[in-house]
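Next come the chains, spelled out residue by residue.
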Amino acid sequence: MSGVLDAVDTNPVVIVCGAGGVGKTTVSAAIGIGLARRGSTVCVLTVDPARRLAGALGIDPTHDIPVQVPGPWPGQLHAVQLHAATTFDALITRHATSDTQADSIRRNPLYRSLATALGGTQEYMAMERLYELHHSGEYDVVVVDTPPTRSALELLDAPERLLRFLSHRVVRALLAPTRLSLRAASVATTVFLRGIAGVVGGELVEDAVEFFRAFAGMQEGFAERAANVQELLVAESTSFVLVTTPTIDAIEEVAWFTEHLSSRGVRPTAAVVNRCHPSFTEDDVPELPGATGRARDQLEALRAVERAAREDAQVVALIARRFGEANVSAVAMSSAPARDVLGLGAIADELAR
C-alpha cells in the first residue's frame, strides 16, 4: 500500500472530499505542500465556508487572487479562497457580447439574489474557478478542498444542473430573442410568471424578466463552458481523494461515496484515514504486577492507546480493501491541530508513506 501523494503526483487536478469535521481542509493543504516538495507548482482552492485553510497557510481570505505561500520546497505553493460572486461576475464578463450587456446584468437588482437562489450556483462557481486555474497554465496541479461529501457530489453535478436549467422551456422562452416581454412570451411561460407574481409581486417578476433579457445570447457560451467543466471533472487525469476517520461509520461513508462516484463514471483515486491513534510498540504492553500509583496508570493508558491503535489499523485495512487499487494513507492524530506550514508538512510526510 503506497501513499496518497504517489497516487496524485502526476494528476493536474486533485479534488479532496469528505464529511464535515474529518480534517479535509488540513489534508488539502498538506497535499499541496507535499506536491510542492516534489517540485510542482500547486494552487490549493478552498470552498470551505469556515475558511480554515486561509488561517493555516497565513493568507488573506478576503479576495480571490491566489497568494504564494513561502516554504522550504523546490516547487511553488499558492492558495486561494473561493469567492463565488466574483467568479460569477467574471463569467458574465467573459460571455457577454458587449460591456453594455455585462453592465446591464450587474445593475439588475435581482442579479445577486437570483444567482444565489439558483440551485447549485455556489457549487458551479467552485468548478468554474477550478477550470480557470487549471487552464491558466500557471499551475501543474490544482487541489480543491470541497464542502462535506454530499456537497462535494453536488460540485460534480453542478455543470449538468446548469445545462438543465438553460434548457428549461420557461428559460428558453425568456431568452428567445423574439420574446422580449411577458405579453409576447408563450402561454405556458406567461401563466408561470403570473403565478410567481401573485406570490412575490409583479415588480420582482419584471426584474427577473429584465435579467433574462439582458442574458439573451449568452446561454450558448454558458452551456459550452459547463460542458467543458464537466469533461474536466470526469477526466481520467482528475483525482478524487476521500478523507475520513477510523470509525465504523467511515467504512459506510467510503462505500456510499465510492458508489455515487461510480454512478457518475468516476473512480476514487485515494483515501486518507485521518486522526488515527499512534502505536508506540509492536509488542504487547507487559504486565507489571508490582506497579502502583503513577506507573500503573501510565501502563494502563499505554494499553488503552495500543488497543485503539490496533482497532484503527483494522479499519484502515478494511478501507484499503474496499478501495481496491486506490492508495490509502493513515495520518496519526496530533495533540494540537496543524496551524502552520511546519505542522502541515508533518502531515505531508505521512501522506508520502
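All chains use their own residue numbering, which begins from 1 and follows the written sequence. Given that the model is predicted, a residue must reach a pLDDT of at least 70 before its local features are reported, and side-chain atom pairs must reach 80 or more before they are shown or counted; all residues, however, enter totals for whole chains, interfaces and linings. With hydrogens and water set aside, each side-chain value is computed from the structure's full complement of heavy atoms.

Chemist: Is there a simple way to explain the overall build of the protein in this structure?
Modeler: A tally of helices and strands in the protein yields 15 helices and eight strands. Residues classed as buried in the protein amount to 49% of the 353 residues present. Whether two residues touch is decided by their heavy atoms; if any such pair falls within 4.5 Å, the residues are in contact. Across the protein, the fraction of contacts at a sequence separation of at least 24, relative to all contacts at a separation of at least 6, is 78%. Element-wise, carbon and sulfur atoms account for 53% of the exposed surface of the protein, whose accessible area totals about 17100 Å². The helix and strand labels rest on DSSP assignments: H or I over at least four residues marks a helix, E over at least two residues marks a strand, and numbering proceeds from the N terminus. Relative accessibility thresholds used throughout: buried, under 20% of the residue-type maximum; exposed, over 50%; partly exposed, between the two (1.4 Å probe, protein chains only). Surface accessibility follows the Shrake-Rupley procedure with a 1.4 Å probe radius. Residue values consider only the protein chains on display as shielding.

Chemist: Teacher, can you tell me more about the side chain of Thr41 here?
Modeler: Residue position: Thr41 is located in strand β2 (residues 41-46). Thr41 gets classed as buried once you look at its relative accessible area, which sits at 17%. Residue contacts for Thr41: discarding those within four places in its chain leaves Gln76, His78, Glu138, Tyr139, Asp140 and Val141.

Chemist: Whenever I open this one, the pattern of salt bridges confuses me. Can you help?
Modeler: Side chains that differ in sign of charge can pair as their charged atoms come close. What makes a salt bridge here is a side-chain nitrogen of Lys or Arg within 4 Å of a carboxyl oxygen of Asp or Glu, nothing more. Scanning all chains against the criterion turns up 11 salt bridges. As a salt-bridge pair, Glu128 and Arg94 come within 3.2 Å of each other at their nearest N and O atoms. Here Arg94 lies in helix α4 (residues 84-95) and Glu128 lies in helix α7 (residues 121-135), a separation of 34 residues in the sequence. Using a relative accessible area of 37% as the deciding quantity, one classes Arg94 as partly exposed. A salt bridge links Arg307 to Glu300, with the shortest nitrogen-to-oxygen separation between them at 3.7 Å. Among the residues examined, Arg307 registers a relative accessible area of 45% and is labelled partly exposed. It is possible to trace a salt-bridge network through shared partners that takes in Arg94, Glu128, Arg129, Glu132 and Arg225.

Chemist: Please clarify how the nonpolar core should be interpreted in this entry.
Modeler: Soluble, globular proteins show a tendency: their nonpolar side chains are buried together. Of all hydrophobic cores here, the largest spans 57 residues; its most connected members are Ile92, Leu130 and Ile319. Tallying contributions element by element places α7 first for this core, with seven residues. Setting aside anything within four residues of it in sequence, one finds Leu130 in contact with Val13, Ile15, Leu45, Val142, Val144, Leu232 and Leu233. Nonpolar cores are built from buried Ala, Val, Leu, Ile, Met, Phe, Trp, Tyr and Cys residues. Side-chain atoms within 4.5 Å join them into one set. Membership of the second largest hydrophobic core comes to 36 residues, among which are Leu5, Ala36, Ala54 and Ile347.

Chemist: Which parts of the structure should I look at to understand the pairing of strand β1 (residues 13-18)?
Modeler: Regular strands place side chains that alternate from one sheet face to the opposite one. The buried fraction of β1 is high, at six of six residues. In β1, alternate side chains face the same way, and those of Val13, Ile15 and Cys17 on one face and Val14, Val16 and Gly18 on the other are all buried. We call two strands paired when DSSP finds no fewer than two bridges between them. Note that β1 and strand β5 (residues 141-145) share four bridges and pair parallel. Paired with Val14 across the two strands is Val143, which belongs to β5. One ladder, built from six bridges, connects β1 with strand β6 (residues 238-244); its direction is parallel. Bridge pairing links Val16 to Val241 in β6.

Chemist: Before we go on, may I ask you to explain helix α2 (residues 24-37) in this structure?
Modeler: Helical geometry note: an α-helix holds 3.6 residues per turn, so side chains three or four residues apart project in the same direction. The end-to-end C-alpha separation of α2 is 20 Å, in line with the 20 Å expected for 14 residues at 1.5 Å each. Counting buried residues along α2, 12 of its 14 residues qualify, which places the element largely inside the surrounding structure. Of the residues making up α2, those classed as buried are Lys24, Thr25, Val27, Ser28, Ala29, Ala30, Ile31, Gly32, Ile33, Gly34, Leu35 and Ala36. Of the residues flanking the end of α2, it is Gly39, one or two places downstream, whose phi is positive at about 100 degrees. What a helix is expected to span follows from its residue count: subtract one and scale by 1.5 Å.

Chemist: Quick question: what am I supposed to make of unusual backbone geometry here?
Modeler: What you tend to see is this: most non-glycine residues have negative phi, and most peptide bonds are trans. A positive phi angle, near 65 degrees, is found at Arg275, a position not held by glycine. You can see Arg275 is positioned in strand β7 (residues 270-276).

Chemist: Even after reading the chapter, I still don't get the packing of α4 against α7, so can you show me in this structure?
Modeler: Between two packed helices, both the angle of their axes relative to each other and the distance between the axes serve to describe the pair. Orientation of α4 relative to α7, taken along the N-to-C sense of each, is 65 degrees, at an axis distance of 9 Å. The orientation of α4 relative to α7 falls into the category roughly perpendicular. When the axes of α4 and α7 are compared, the crossing they make is left-handed. Residues Ala84, Thr87, Phe88, Ala90, Leu91 and Arg94 of α4 lie in contact with α7, whose contacting residues are Thr121, Gln122, Tyr124, Met125, Glu128, Arg129 and Glu132. Of the residues contributing to the contact of α4 with α7, the split by class is six nonpolar, three polar and four charged. As a rule, the C-alpha atoms of each element are fitted with a line to give its axis, helices using only the stretch in contact, and angles between N-to-C directions run from 0 to 180 degrees. Here the word oblique covers every angle except those under 35 degrees (roughly parallel), over 145 (roughly antiparallel) and from 65 to 115 (roughly perpendicular). Each helix crossing is assigned a hand: it is left-handed if the near helix lies turned anticlockwise from the far helix by less than a right angle, otherwise right-handed if that turn is clockwise. In this classification, Asp, Glu, Lys and Arg are treated as charged, Ala, Val, Leu, Ile, Met, Phe, Trp, Tyr, Cys and Pro as nonpolar, and every other residue, Gly included, as polar.

Chemist: Can you walk me through the environment of Arg129 in this structure?
Modeler: Within the secondary structure, Arg129 sits in helix α7. With 39 residues separating them along the chain, Arg129 and Ala90 place their C-alpha atoms 9.9 Å apart. Ignoring any residue separated from it by four or fewer positions in sequence, one finds Arg129 in contact with Leu45, Asp64, Pro66, Val80, Leu82 and Thr87.

Chemist: Looking at this structure, how should I read the environment of Gly32?
Modeler: For Gly32, the location among the structural elements is in helix α2. Along the primary structure Gly32 and Val14 are separated by 18 residues, whereas in three dimensions their C-alpha atoms are 9.6 Å apart. Each residue touching Gly32, except ones within four places of it in the same chain, is listed here: Val42, Val44 and Leu77.

Chemist: In this structure, what is going on with the sheet that holds strand β3 (residues 67-69)? I would like to understand it.
Modeler: Strands belonging to one sheet form pairs held by backbone hydrogen bonds; the direction of such a pair is parallel or antiparallel. Strands sit in the order β3-β4-β2-β5-β1-β6-β7-β8 across an open sheet of eight strands; the sheet is mixed. Only two strands of the sheet have a single neighbouring strand rather than two, namely β3 and β8 (327-332). In this sheet, neighbouring strand axes are inclined to one another by 25 degrees on average, regardless of whether the strands run parallel or antiparallel. Across the sheet, helix α13 (residues 248-263) touches β1 and β6, and the angle it forms with β6 is around 160 degrees.

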